[in-house]
Amino acid sequence: MVTEVLPIREPSSCRGVGATPWSPPFSTVAVMNGPRVFVEVDEVIAHLEALGRLGSVEGEGLTELDHGLQTAALLEREHPGDLVLQVAGLVHDLAHPWDGPGQPRHAGMGARAVREVFGPRVADLVLAHVPAKRYLVATRPDYAGLLSPDSVTTLAAQGGPMTPDEVARFAAHPDAQAMVALRVADDGAKVPGADVPGLDHWSGALRAVAAKAHFDRLGWVLMDTLGEGEVADLRRWVDRVAATPDGAHGVLHYREQTDHGPKLCRSENFTPSHDELRHLLTERLAATASLLLGEPAVLYKEKVNYKLAGGAGYSPHQDAPAYPFIDTHVSCMVAVDPSSRRIPVTLRLPAAVRPVPATVTYTGPDGTTLSAFVNRPGTHRGLEPSA
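Residues numbered from 1 in each chain as written. Predicted model: local features only at pLDDT ≥ 70, side-chain atom pairs only at ≥ 80, totals over all residues. Heavy atoms only, no water.

Student: Looking at this structure, I do not really get the overall build of the protein. What am I missing?
Tutor: A tally of regular secondary structure across the protein gives 11 helices and nine strands. Counting only residues that meet the buried cut, the protein has 49% of its 387 residues in that class. Contacts in the protein between residues far apart in sequence, at least 24 positions, make up 73% of those at least 6 positions apart. When the accessible surface of the protein is summed, it comes to about 18600 Å², and 54% of that surface belongs to carbon and sulfur atoms. (Helix = DSSP H or I, 4+ residues; strand = E, 2+ residues; numbered from the N terminus. Buried < 20%, exposed > 50% of the residue type's maximum accessible area, 1.4 Å probe, protein only. Contact = heavy atoms within 4.5 Å. Areas by Shrake-Rupley, 256 points an atom, 1.4 Å probe, with all protein chains shown as cover.)

Student: Is there a simple way to explain the nonpolar core in this structure?
Tutor: Side chains of a nonpolar character, in soluble globular proteins, are inclined to be buried together. Grouped together as the largest cluster of nonpolar side chains are 54 residues, with contacts concentrated most on Leu-48, Leu-90, Val-91, Leu-94, Val-114, Phe-118 and Val-122. At the level of secondary structure, the elements contributing two or more residues to this core comprise helix H1 (41–51), helix H2 (64–78), helix H3 (83–91), helix H4 (106–118), helix H5 (120–139), helix H7 (164–171), helix H8 (176–187) and helix H9 (203–218). The dominant element in this core, judged by the number of residues it contributes, is H5, at nine residues. Not counting chain neighbours up to four residues away, the residues in contact with Val-114 comprise Phe-38, Val-91, Leu-94, Gly-119, Val-122, Ala-123 and Val-126. Ranked by size, the runner-up nonpolar core spans 18 residues in total, among them Val-231, Val-238, Leu-281 and Cys-332. (Core = buried A, V, L, I, M, F, W, Y, C linked by side-chain atoms within 4.5 Å.)

Student: Quick question: what am I supposed to make of the pattern of salt bridges here?
Tutor: Oppositely charged side chains can form a pair if their charged atoms are brought close together. This structure, assessed with the given rule, holds 18 salt bridges. Across the pair Arg-121 and Asp-82 runs a salt bridge whose closest N-O atoms are separated by 2.9 Å. With Arg-121 in helix H5 and Asp-82 in the loop between H2 and H3, this residue pair connects regions lying 39 residues apart in the sequence. Note that Glu-166 and Arg-134 form a salt bridge whose closest N and O atoms lie 3.0 Å from each other. Highlighted residues: Glu-166 in helix H7 and Arg-134 in helix H5, separated in sequence by 32 residues. With a relative accessible area of 23%, Glu-166 lands in the partly exposed category. Three or more residues joined by partner-sharing salt bridges are found here, namely Arg-183, Asp-186, Asp-187 and Lys-190. (Salt bridge = Lys/Arg side-chain N within 4 Å of Asp/Glu carboxyl O.)

Student: Hey, could you run me through unusual backbone geometry in this one?
Tutor: Residues other than glycine predominantly adopt negative phi, and peptide bonds predominantly adopt the trans conformation. Residue His-249 is not a glycine yet carries a positive backbone phi of 60 degrees. Counting through the fold element by element, His-249 comes out in the loop between helix H10 (228–243) and strand S2 (252–258). On the accessibility criterion, His-249 (61% relative accessible area) is exposed. Look at Asn-269: it is not a glycine, yet its phi comes out positive at around 60 degrees. Within the secondary structure layout, Asn-269 lies in the loop between strand S3 (261–268) and helix H11 (275–293).

Student: What's the story with H3 in this structure? I'm lost.
Tutor: Along an α-helix, residues three or four apart share an orientation, since each turn contains 3.6 residues. Of all nine residues in H3, eight are buried, a share of seventy percent or more. Listing the buried residues of H3 in full gives Val-84, Leu-85, Gln-86, Val-87, Ala-88, Gly-89, Leu-90 and Val-91. Packed against the buried residues of H3 are H1, H2, H4, H5, H8 and H9.

In structure tokens form, the structure reads like this:
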């Protein structure tokens, strides 16, 4: 991606008689390229890594990354169930290198930078962390005394305490409580040498929140769910299901007629007798579905679809007509075997609307193990992974 190089200049609002010439506290020119819009999680991670080499405007002895990590750690401790809020805390000041003295624009720059990759709630929380400071100073008489010297200095450039009308509008926002929580963590995250988890700790959270944003925007998402060793385990588990005798343990096998005789095409109802697959489907994948849906997801139906030599396979279709007793559902498709140009795979994503129950389908072949969750009505896209 080509990014615009924006020289950081002293804004006219900060000039005055006797004003001291301002110079940026940053030494890595590359990170000062911007403002920009991130479209991939890896771009955000690379930017955060670069912030680890830049002194923070928040105080001596801190890098910009230190400040973000401390903010996220405080939110993880105080709000363990709100992953989106924690990620917002991690990235809330990533636009500091793009702004000037007083940092009057960095919240808006940061919100624009992360909106596409992390979604509107992360962007709104990033945008609100400056107004939240103004709100807290206006509503808590002692709060100004808790601000760092830099925050006191920037408060004037950012508008000063809110007026009563501004306070009322801010307090009426449905996410005002989270906005205030991020600001409180922000102001407590300026401790040189604080022992908090590093950036690697947040990789999974960043990718999960980005997956949710993609899901909310487009109605589907592809995710790397299992590691290489787990894929090998999954193949063994599926082979064990396929080898289960008809009717044993309640497992249901379905076969199709081919020119070479009956071929196994589907197995169902295997989780009651298979501990490993039950854990994968009812805990791990259900947790991912719950994150994407924003509400608890439960397993509704599980099946293994086989594409054996000589078999007919499956024509493009939607799952919803097969489930007349539930209003909405989400399908998760996990590829088991690798694809090739000789045996390609097309994933057809069925329609669903804000589902609560989760339908889980193993399908393949494909080059990686993926989960495909489908959300919006009418979504029916073909995805053809390359060999």
